[in-house]
Amino acid sequence: MRLITTGLLCVCAGLAQAAGSGHNGHGDAPPRGAPRAWTDLPLIEVVPGRDRRQATFRLVNLEAASIKAFAPGERAPLPEGVRFKSKRPSWDILPDFNGRFALQSQGVGNYHWLLARQESPESVIVASTAHYFPNPGPAPTDMLARSKSELEIAPAPLPREHNRYRENQAHRFEVRFQGAPLAGATVSFTNSAGTRTQFVSDSAGRVRVQFPEDVQPAATGRHGRGPANSFVLAVAHDAGGRHYLTAFNYSYGEDGYTGRSLAWGGGFMALGSLIALPLIVRRKESKRG
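The model shown is predicted, which means the values in this text are computed figures rather than measured ones.

## A word on the pattern of salt bridges
Phase 1 of the analysis: Tallying each qualifying case throughout the model produces 8 salt bridges.
Phase 2 of the analysis: Arginine 176 is the salt-bridge partner of glutamate 152, the closest N and O atoms lying 3.5 Å from each other. Residue glutamate 152 is found in strand S8 (residues 151-155), and its partner arginine 176 is found in strand S10 (residues 170-177); the two are separated by 24 residues along the sequence. Across the pair, arginine 176 and glutamate 152 agree in class, each one buried.
Phase 3 of the analysis: Where glutamate 174 meets arginine 206, a salt bridge forms, and the shortest distance between an N and an O atom there is 3.0 Å. Taken as a pair, glutamate 174 in strand S10 and arginine 206 in strand S14 (residues 206-210) lie far apart in primary sequence, 32 residues in all.
Phase 4 of the analysis: Taken together, the salt bridges that share partners define one network made up of Arg117, Glu119, Glu150 and Arg242.

## Quick notes on the sheet that holds strand S5 (residues 100-104)
Phase 1 of the analysis: Taken in spatial order, the 3 strands line up as S1-S2-S5 in an open sheet, and their pairing is antiparallel. One side of each edge strand has no neighbouring strand; the edge strands of this open sheet are strand S1 (43-47) and S5. The average angle at which neighbouring strand axes cross in this sheet is 35 degrees, direction not considered.
Phase 2 of the analysis: One ladder, built from 5 bridges, connects S1 with strand S2 (residues 54-60); its direction is antiparallel. Pairing of glutamate 45 across the sheet is with arginine 58, part of S2.

How each quantity is defined
Residues numbered from 1 in each chain as written. Predicted model: local features only at pLDDT ≥ 70, side-chain atom pairs only at ≥ 80, totals over all residues. Heavy atoms only, no water. Salt bridge = Lys/Arg side-chain N within 4 Å of Asp/Glu carboxyl O. Helix = DSSP H or I, 4+ residues; strand = E, 2+ residues; numbered from the N terminus. Buried < 20%, exposed > 50% of the residue type's maximum accessible area, 1.4 Å probe, protein only. Pairing = 2+ DSSP bridges. Axes fitted to C-alpha atoms, helices over the stretch in contact; angles between N-to-C directions.

So, in structure tokens, the structure goes:
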């Protein structure tokens, strides 16, 4: 699990080559970016905070003049001054020179999608993530199915409401190119604990990712949700003389039963003692009689 795979090295090499080209594909727009983190792969990282209506993010290992935001449903409201470009709501967010930007829910809950793109004549690098707002909102099914870039990694599906990815759980992800399933693609998995592995997509473009048991209980959790590891899934593909690299990053928490076995065991022992107590008392009384 902890060996650096050949596929991952190729992905990182492609990223370094593309990033070194110095093109961002947005004319004369100034480059935006942020310091490197626990991986060389492109990330959209959430900045810790407590706000039910807004979340702050930063770009890592990526330069992008704007970030595309996608809301669930077809009639979700957009930020003031922004109009729908289609029936499906999406809008552009401008980051500052430190690569930071804010996503506003506009009262629409459930998952939103963020995508940052760095482009040159030779390559296209994409980072994407999802963010959950607790307000009521449409299901993100159509949003996830929507084609947002040439090469994509999409959860199939995202965790349900008030849920999250966890250790020892397996979840499916879809790899698509030009909107069609991409079979035989090597998908690399890297997390903030240093675990690295890879998966190969099946004929339907799907991979089944088993999250490793490596979340440290002493780690500081985010937004009071307990300790968690950050992870990124990345895939590269060459087509039409261009190198494509896309990455999806998110986090996963402790196994739902971590730390509970002793508590449950103690609880059952205490319950058993309470149930057995009347029997013991009766036996003592019968002996006295």
